[in-house]
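# Structural overview
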Amino acid sequence: MRIVKTGFVDYSDEDLMLAIQQGEKLAFNELYTRYSDKLYGYILKMLWYNEVRAQDLLQDLFAKIITQPGLFDTERTFKTWVYTIASNLCKNEFKRNEVRKGTVNGVEQFYSLSSDSNVEKEVHERQFRDALTEALMKLDTKHRQVFVLKHMDGLSIKEIAEITEANEGTVKSRLFYAIKKLADTLHMFEYA
Amino acid sequence: MNEMDWIFKKTSYSALSTSEKEALADLCNDEASFARLKGLLELSEQSLPEPPPAHIRTNLDALFDATYTKPAPQKQVKRFRLTYIILAAAAVIGVIFLLFPWTTNRGNGNNSPKVAKGPQTPKNEQTEITSTTPSSLQKKSQQQKTSPLVATIEKPTLDNSSDQASVDEVVYQNSEADALRPSLLTEGATEDFARRDLAKEETKPQAISFKGNAQNSEAISAGVYELKSEKNVKVSKTKKIDTGSMLKHIKPVF
């Protein structure tokens, strides 16, 4: 009887990386399950919802984890390391000028209606999210980045500072500016 | 900003303290703006996960398989190697057992001829003694070290009567040859030859008296030793020594 390894669920991200270096595919699967959605959402927002390019960058990111796991800096947490790579990939994409603003192709499909909810409230929330997405895309990259990382991906100020290679004070001021800008843009929505 | 997170967890703007209101002065200043900001942040945090398409996972699986070798084939290879080594060792052992009786019988058969070949060794030693090339000298020295049979060739002593007799005979024959040799070169050899026959009888006592000289006898014995060794090696060379008897058979041509 073959023993199936299921112990990777309890592994930390860093231990999973060590296991990947030893060729453990299940460790990679676990890591992919933990981070693929978040990273894809992050890259998608950073690239103005250009799905094709976001998928390419996500694949490049995990391909690096597979082929060059030794690049992982053990002194850092995997979370900040992988978000740093994703941010750098997005920066490279900006430099190539291959991304066009305003390609909000797939915004609607990410917010599906649930049957048991209040339809009116659901529609209102959906409209608000669409407006938020548009407002986010009008922000410049630095402010959008810190806002997405803080309020969408749930990273701490310290982690964002590490990823963006900036001081915590700078991150806070950028975040404050982003919230203010979004609030001004979304002032017509009376969300309650 | 961490404080801001805590602030937006409060239900309404009126619930904020004065200091908190001052911190949010640039963002909101009434209930409506506070609620808007709160909703903005809550909705942002509650953003639904966006799963990537399945083909990315498929591509990455293929890449992982191509990058890392699978452990299962490695085990198969190890097992194959182990069985191969075991089979090879068994085959070698089998061959050894098959050949063992044959080698032992042949070994016993070889022992008896070796004993028979024993007496041949002195012949080899004699040939090596006479050889003068450097390689043969080296072999000679090696064999002198290894085989004690080299010492069997002994220098003849004066006390040995048989050796002494042979020495006397050789000395006599040489003196006879020396006496005859000039007569052959001159004309009228017949008369000289007849005289030499007579003188032959007279020279014998001289040769015998030669025996009495100790120093000369040692030199002669040394020469005889050399001649004997040469005689043993090459029989053809020994004919030179017996010149006197050869000259006896030479008949004068008139």
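Residues numbered from 1 in each chain as written. Chains lettered and ligands numbered in written order. Predicted model: local features only at pLDDT ≥ 70, side-chain atom pairs only at ≥ 80, totals over all residues.

The next thing to look at is the overall build of chain B. Across its full length, chain B carries 12 helices and 0 strands. Along chain B, helices and strands appear, N-terminal first, in the series α-α-α-α-α-α-α-α-α-α-α-α. Evaluated residue by residue, chain B yields a buried proportion of 9% over its 254 residues. A fraction of 56% describes how many contacts in chain B between residues 6 or more apart in sequence connect residues 24 or more apart. (Helix = DSSP H or I, 4+ residues; strand = E, 2+ residues; numbered from the N terminus. Buried ≥ 20, exposed ≤ 12 C-beta atoms within 10 Å, placed from the backbone. Contact = placed C-beta atoms within 7 Å.)

Now for the overall build of chain A. When you go through chain A residue by residue, the secondary structure sums to 8 helices and 0 strands. Its helices and strands in sequence order give chain A the pattern α-α-α-α-α-α-α-α, from N to C terminus. Counting every position in chain A, which comprises 192 residues, the buried fraction comes to 34%. Across chain A, every contact between residues at least 6 apart in sequence was considered, and the portion connecting residues at least 24 apart equals 62%.

Between chain A and chain B, the contact holds 40 residues from the first and 30 residues from the second. For the side of chain A that touches chain B, the secondary structure elements donating two or more residues are α2 (25–46), α3 (51–67), α5 (119–138), α6 (141–152) and α8 (168–185) of chain A. No other element matches the 9 residues that α2(A) contributes to the side of chain A that touches chain B. Taken together, the residues of the side of chain A that touches chain B break down into 23 nonpolar, 9 polar and 8 charged. (Nonpolar A, V, L, I, M, F, W, Y, C, P; charged D, E, K, R; others polar.)

Attention now moves to the confidence of the model for chain A. Residue and element names in this part refer to chain A. Of the residues in chain A, 81% have a pLDDT of 70 or more, and the chain-wide mean is 81. α3 holds the highest mean pLDDT among the elements of chain A, 92, whereas α5 holds the lowest, 77. Confidence drops under a pLDDT of 50 for residues 101–115, and excluding neighbours within four residues, the segment shows 23 contacts in the predicted structure. (pLDDT = per-residue confidence, 0-100.)

As a further point, take the packing of α6(A) against α8(A). Residues and elements named next belong to chain A. Between α6 and α8, whose axes approach to 8 Å, the crossing angle comes to 95°. By the angle between their directions, the pair α6 and α8 is classed as roughly perpendicular. Judged by residue contacts, Lys-142, His-143, Arg-144, Val-146, Phe-147 and Lys-150 of α6 engage Val-171, Arg-174, Leu-175, Tyr-177, Ala-178 and Lys-181 from α8. When its residues are assigned to classes, the contact of α6 with α8 shows 6 nonpolar, 1 polar and 5 charged. (Axes fitted to C-alpha atoms, helices over the stretch in contact; angles between N-to-C directions. Parallel < 35°, antiparallel > 145°, perpendicular 65-115°, else oblique.)

Turning our eyes to something else, we now look at α2(A). Residue and element names in this part refer to chain A. Between the first and last C-alpha of α2 there are 29 Å, a value that for 22 residues agrees with the 32 Å anticipated at 1.5 Å per step. At Tyr-35, α2 shows its maximal bend, which comes to roughly 45°. Trp-48 occupies a position one or two residues after α2 and carries a positive phi of about 55°. (Expected span 1.5 Å × (residues − 1). Bend = angle between axes of the 7 residues up to and from the residue.)

Attention now moves to the confidence of the model for chain B. Residues and elements named next belong to chain B. Residues with a pLDDT of 70 or more make up 38% of chain B, whose mean pLDDT is 66. Least confident of the elements in chain B is helix α6 (residues 121–130), whose mean pLDDT is 48; most confident is helix α4 (residues 54–67), at 91. This model gives residues 183–189 a pLDDT under 50, and the stretch forms 7 contacts once residues within four places in sequence are excluded. Predicted complex, confidence summary: ipTM 0.76, pTM 0.51.

Attention shifts here to the packing of α3(A) against helix α4 (residues 78–96) of chain A. Residues and elements named next belong to chain A. As a packed pair, α3 and α4 sit with axes 10 Å apart at the nearest point and diverge in direction by 135°. Here α3 lies oblique to α4, going by the angle between them. By crossing handedness, the relation of α3 to α4 is classed as right-handed. Contact residues: α3 offers Arg-53, Leu-57, Asp-60, Leu-61 and Lys-64, while α4 offers Ile-85, Ala-86, Leu-89, Cys-90 and Glu-93. Taken together, the residues that form the contact of α3 with α4 break down as 6 nonpolar, no polar and 4 charged. (Left-handed = near helix turned anticlockwise from the far one by under 90°.)

What follows covers unusual backbone geometry. All names here are of chain A. Of note in this structure, Trp-48 is not a glycine but carries a positive phi near 55°. On the secondary structure map, Trp-48 appears in the loop between α2 and α3. We note that Glu-165 has phi near 55°; this positive angle belongs to a residue other than glycine. With respect to the helices, strands and loops of the structure, Glu-165 is situated in the loop between α7 (157–164) and α8.

Another aspect to go through is α6(A). Residues and elements named next belong to chain A. Of all the 12 residues making up α6, 9 are buried; the element is thus mostly covered by neighbouring parts of the structure. Every buried residue belonging to α6 is among His-143, Arg-144, Gln-145, Val-146, Phe-147, Val-148, Leu-149, Lys-150 and His-151, and all of these are buried. Note on α6: the residue one or two positions beyond its end, Gly-154, has a positive phi of about 75°.

Another point: the environment of B:Tyr13. All names here are of chain B. With respect to the secondary-structure elements, Tyr-13 resides in the loop between α1 (2–7) and α2 (18–23). When the 20 C-beta atoms within 10 Å are taken as the criterion, Tyr-13 is described as buried. Apart from residues no more than four positions distant in its own chain, Tyr-13 is found in contact with Cys-28, Asp-30, Glu-31 and Phe-34.

In this structure, A:Ala178 sits in helix α8. In this view, A:Ala178 contacts A:Leu139, A:His143, A:Arg144, A:Val146 and A:Phe147; residues no more than four positions away in its chain are not counted.

Counting 58 residues, the largest nonpolar core has A:Ile20, A:Leu39, A:Ile43, A:Leu58, A:Leu61, A:Val82 and A:Ala86 as the members making the most contacts within it. In terms of residues, this core owes the most to one element, α2(A), which gives 11 residues. Residues contacting A:Leu58, with those up to four places away along its chain left out, are A:Ser36, A:Leu39, A:Tyr40, A:Ile43, B:Pro52 and B:Ile56. (Core = buried A, V, L, I, M, F, W, Y, C linked by C-beta atoms within 7 Å.)

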